[in-house]
Amino acid sequence: MLLASCSSRYRYARIGSNREGTAIMPIRILSPDVASQIAAGEVVERPASVVKELIENALDGGARTIIVDVEGGGRRRIRVADDGIGIPAAEAALAFARHATSKLAAAADLERITTLGFRGEALASIAAVSQVQFVTRAAGEVAGMRLRVEGGRTVARDSIGAPQGTVVTVENLFYNVPARLKFLKTDAAERARIDALVTRYALAYPERRFRLTHDGRLAFQSSGDGDRYATLIAVLGLDTARQMLALTPLPPSPGASGEGGVAPTSGLSPARGDGIEIAGYISLPSLSRSNRGQITLFVNGRWVQDSRLSYAIVEAYHGLLMVGRYPAAVVFITLPPEEVDVNVHPAKTEVRFRRPDMVFGAVQKTVRRTLLAHLPVPEIRPAPTWERPQISVEGEPVPGFSQAGSVERDREEAEIAPPSTLHAPQPLPLLRVVGQVGVAYIIAEGPDGMYLIDQHAAHERILYERFMAAAASRAVPSQTLLEPVVVDLPPEVAATLAEELDLICGLGFSVEPFGGTNFLVRAVPVLAARLDPAQALYTAIVDVDMGEPPLAGTREAQIIARVCKSAAVKAGQVLSAAEMQAMVRQLEACAAPRTCPHGRPTMIHLSTEQLARQFGRLG
Ligand code: ADP
Ligand code: MG
């Protein structure tokens, strides 16, 4: 009796429920279907993971051209076509078996992975959670092979004429895994992840041609001509690409005799002793971001996430960025395959380095060196006066700048003046305008040499100081619109405006709520009268991240700076001689003429001496 009650209580516990109320069952081995869905979940998290695996297969297969066509954010259909080596007809079905790979034979191979794939899981995983059509023809075979695999089962196969290469069409992703479907974001968000992925791979493989369409519309393409900078422009746009610096390789580390790497055998090869190569692009300090999302890392051609590596890059900007701002970067690290373990996770987006400190150190040094080499030389470097031109304290930290921590300063770091030092703003001498170059810069001559003035930055500074002075005396001139304008703002912008209405109205705007997210604009500041009233109001409220560091100073100063930025003359605007002369006169009258309100230089000064030295007239 006692025994019986014990055992029944025991059984109760086993088949009853746990704390969350889920049924607990006896141990048994999962059915192959369930097991493969679980395994698939680790590889295929969302549409972009499918694109990633298929692109990696195409790259491993030696494709020169990779065409990605996406529909419905990838949920409805993803098609990746390549012109690589293809799969022999007899092996095609095997490619869909779990742990089937042509890239790895023995366990020892895991220590020297040179392909992107090696686990033999991607096709099996994708096919387990979607409906796949696979067409492939290997080089040298007359006919191609077509397979249909649904939910992991091959439902049709036939021989078919096809060009050499492979075309994988993945439809109705997660049609049999409703739980996963629920976790997907909007089509636009999934699409954005795919865009990020394809463009990053295009950057990593500039010698391959990539083409991406969404719902039949071209979203991105690269030429495949090997020009990485051209690809960078295609990805970021010219304006942003211009603010990126190409990484300059480190010289061979002195005394490195090739521990784990290649020792230079001739004077020709500048290979570093540790066999590490670092290439890519990093942003100038003027192009900062509010998070680390713009740091992309490739290790041996593989896109990886590595917070310590990202940190190494951020650290290299030490003192050059405001607190809370991050650089943008695409960094390609190449090192001997035995130096990295890529077999960390099924998605293969994490790696372990055999000598992590060596890798992080090399990345950080390369980034730092590149930055320092490109920053303006001290004589023509503008003082980072930011918002407080009147302060003149040597050696006092500027609020908002990251402070020098315990990080050991290397020699290169010592080459620049500590960034956290304020200099007195130097007034400008009288300048004579010589002309305009590149429809962006004014060339002027002063008693002490040549000045190259950025017309937009200079005008921003002029407007800003005038506006600030007017605001300080509570007399911002305002221009009444001939007809009031109703502006409908996005909800979050409307909310901010409602909160800051008084502030905005003190700055020359006359705005009143007009129901819902609508506002009625009756007047705008005179300085912004050239702008469309809706645009003027919008720029005042919204921090459009134009790659500028956030402004220090009061909310009022921030609003003023934003309005001035959008009201200022732009690059590309032709200026008459009189306009240029007037602008230079106004700049001379500024308290801090040498920087724009964001701290970027308004001008580059080449002294008479520097010119003479450059021309070899001085020793
Ligand atoms: P892995 O890439 O890890 O080997 P996959 O499941 O992604 O595993 O692919 C299985 C195998 O199918 C690969 O090893 C390769 O031989 C073959 N394969 C898949 N896609 C392609 C392709 N686009 N071109 C050539 N071969 C391919
Ligand atoms: Mg693969």
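Residues numbered from 1 in each chain as written. Chains lettered and ligands numbered in written order. Predicted model: local features only at pLDDT ≥ 70, side-chain atom pairs only at ≥ 80, totals over all residues. Heavy atoms only, no water.

Peer 1: I would appreciate a short explanation of the overall build of the protein chain in the present structure.
Peer 2: The helix and strand inventory of the protein chain stands at 19 helices and 22 strands. In the protein chain, which comprises 619 residues, the proportion classed as buried is 46%. Counting contacts in the protein chain only where the partners sit at least 6 residues apart, residues at least 24 apart contribute 69% of the total. As displayed, the protein chain has an accessible area near 30,600 Å², and 56% of this comes from carbon and sulfur atoms. (Helix = DSSP H or I, 4+ residues; strand = E, 2+ residues; numbered from the N terminus. Buried < 20%, exposed > 50% of the residue type's maximum accessible area, 1.4 Å probe, protein only. Contact = heavy atoms within 4.5 Å. Areas by Shrake-Rupley, 256 points an atom, 1.4 Å probe, with all protein chains shown as cover.)

Peer 1: Any chance you could explain the sheet that holds strand S11 (residues 295–299) here in plain terms?
Peer 2: Either a parallel or an antiparallel arrangement is found when strands of a sheet pair, and the pairing is made through backbone hydrogen bonds. Pairing in this open sheet of five strands is mixed, and the strands run S9-S10-S13-S11-S12 from one edge to the other. Only two strands of the sheet have a single partner each, and these edge strands are strand S9 (244–246) and strand S12 (302–304). Between one strand axis and the next, the sheet turns by 20° as a mean value, whatever way the strands run. Relative to strand S13 (residues 329–334), S11 runs parallel, the two being bridged by five bridges. Among the inter-strand pairings, Ile 295 is bridged to a residue of S13, identified as Ala 329. (Pairing = 2+ DSSP bridges. Axes fitted to C-alpha atoms, helices over the stretch in contact; angles between N-to-C directions.)

Peer 1: Please explain the packing of helix H16 (residues 533–541) against helix H17 (residues 555–567) as it appears in this structure.
Peer 2: A pair of packed helices is captured by two measures, namely the crossing angle of their axes and the spacing between those axes. Where H16 meets H17, the closest approach of the two axes is 8 Å, and the angle between their N-to-C directions is 140°. By the criterion of interaxial angle, the relationship of H16 to H17 is oblique. With respect to the hand of their crossing, H16 and H17 are arranged in right-handed fashion. Of the residues in H17, those in contact with Gln 535, Ala 536, Thr 539, Ala 540 and Ile 541 of H16 are Arg 555, Ile 559, Arg 562, Val 563 and Ser 566. (Parallel < 35°, antiparallel > 145°, perpendicular 65-115°, else oblique. Left-handed = near helix turned anticlockwise from the far one by under 90°.)

Peer 1: Which parts of the structure should I look at to understand the nonpolar core?
Peer 2: The tendency in soluble globular proteins is for nonpolar side chains to be buried as a group. Grouped together as the largest cluster of nonpolar side chains are 58 residues, with contacts concentrated most on Ile 55, Ile 66, Val 68, Val 132, Val 198, Tyr 201 and Phe 210. Filtering out sequence-adjacent residues up to four positions away, Ile 66 remains in contact with Ile 55, Ala 58, Leu 59, Val 80, Ala 81, Arg 209, Phe 210 and Arg 211. Core analysis: the next-biggest nonpolar cluster, separate from the first, contains 36 residues, Leu 245, Ile 313, Ala 316 and Ala 329 among them. (Core = buried A, V, L, I, M, F, W, Y, C linked by side-chain atoms within 4.5 Å.)

Peer 1: Whenever I open this one, the site of ligand 1 confuses me. Can you help?
Peer 2: Taken together, 18 residues are adjacent to ligand 1, and Asp 82, Thr 101, Ser 102, Lys 103 and Gly 120 come closest. Take Gly 120: an N or O atom from its main chain is 2.8 Å from an oxygen atom of ligand 1. Taking Leu 123, its main chain carries an N or O atom lying 2.9 Å from an oxygen atom of ligand 1. Here ligand 1 loses 94% of its free accessible area of 530 Å² to cover by the protein chains. Of the residues contributing to the shell around ligand 1, the split by class is seven nonpolar, seven polar and four charged. (Near = heavy atom within 4 Å. Polar contact = N/O pair within 3.5 Å; in protein donor to acceptor, adjacent residues only side chain to side chain. Nonpolar A, V, L, I, M, F, W, Y, C, P; charged D, E, K, R; others polar.)

Peer 1: How should I be thinking about the packing of helix H3 (residues 47–60) against helix H7 (residues 187–204) in this particular structure?
Peer 2: The interhelical angle for the contact between H3 and H7, taken along N-to-C directions, is 20°, at an axis separation of 8 Å. Compared by their axis directions, H3 and H7 come out roughly parallel. Relative to H7, H3 is oriented so that their crossing is right-handed. Counting all contacts with H3, which are made through Pro 47, Ala 48, Val 51, Lys 52, Ile 55, Glu 56 and Leu 59, the residues of H7 involved are Glu 190, Arg 193, Ile 194, Leu 197, Val 198 and Tyr 201. Grouping the constituent residues of the contact of H3 with H7 by class yields nine nonpolar, no polar and four charged.

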